[in-house]
Amino acid sequence: MKTLYGIAGMTLWTSLVALVLYLFNAHDYYNHFGWAVLFGFILLIAHVVNMVIYFNIAGKEPYKWFK
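Draft legend 1. Region of interest: helix 1 (residues 2-23). End to end, helix 1 covers 31 Å across 22 residues, agreeing with the expected 32 Å (1.5 Å per residue, within 8%). Regarding helix 1, the residues found buried are Thr3, Gly6, Gly9, Val17 and Leu21. Buried residues of helix 1, seen end-on, are gathered within an arc of 130° and therefore sit on one face of the element. Looking at helix 1, the residues exposed on the side facing more than 90 degrees away from the buried face are Leu12, Tyr22 and Leu23. Packing partners of the buried residues in helix 1 comprise helix 2 (33-58).

Structure, rendered in structure tokens:
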């Protein structure tokens with residue numbers, strides 16, 4: 001059950017990041033190198049935070065679906 005909570009937390013965080021990027025019109029600046037790099041780093045940080053959220057919620061054995 002912890003795995004589902006971890007996935008739910010990641011989904012919530014990813015949705016929040018996507019909403020903020022959308023509100024800042026990040027999709028309009030993909031052809032500007034500086035903005036694209038900045039948004040790329042934001043997405044990388046979002047991915048790292050997703051991993052931290054998942055492993056903090058799911059614990060030490062997150063991939064055991066069946067016992």
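Draft legend 2. View of the packing of aromatic side chains. Under the counting rule described, the total for this entry stands at three aromatic pairs. For the pair tyrosine 29 and tryptophan 35, a centre-to-centre distance of 5.5 Å together with 35° between the ring planes defines the contact as tilted. A relative accessible area of 32% places tyrosine 29 in the partly exposed class. Geometrically, the ring pair formed by tryptophan 35 and phenylalanine 39 is stacked, given 5.7 Å between the ring centres and 25° between the ring planes. Here phenylalanine 39 and tryptophan 35 lie together in helix 2, a separation of four residues that amounts to about one turn.

What counts, and at which threshold
- Residues numbered from 1 in each chain as written.
- Predicted model: local features only at pLDDT ≥ 70, side-chain atom pairs only at ≥ 80, totals over all residues.
- Heavy atoms only, no water.
- Helix = DSSP H or I, 4+ residues; strand = E, 2+ residues; numbered from the N terminus.
- Expected span 1.5 Å × (residues − 1).
- Buried < 20%, exposed > 50% of the residue type's maximum accessible area, 1.4 Å probe, protein only.
- Arc of directions from axis to C-beta.
- Contact = heavy atoms within 4.5 Å.
- Phe/Tyr/Trp six-rings, centres within 6.5 Å; stacked < 30°, edge-to-face > 60°.

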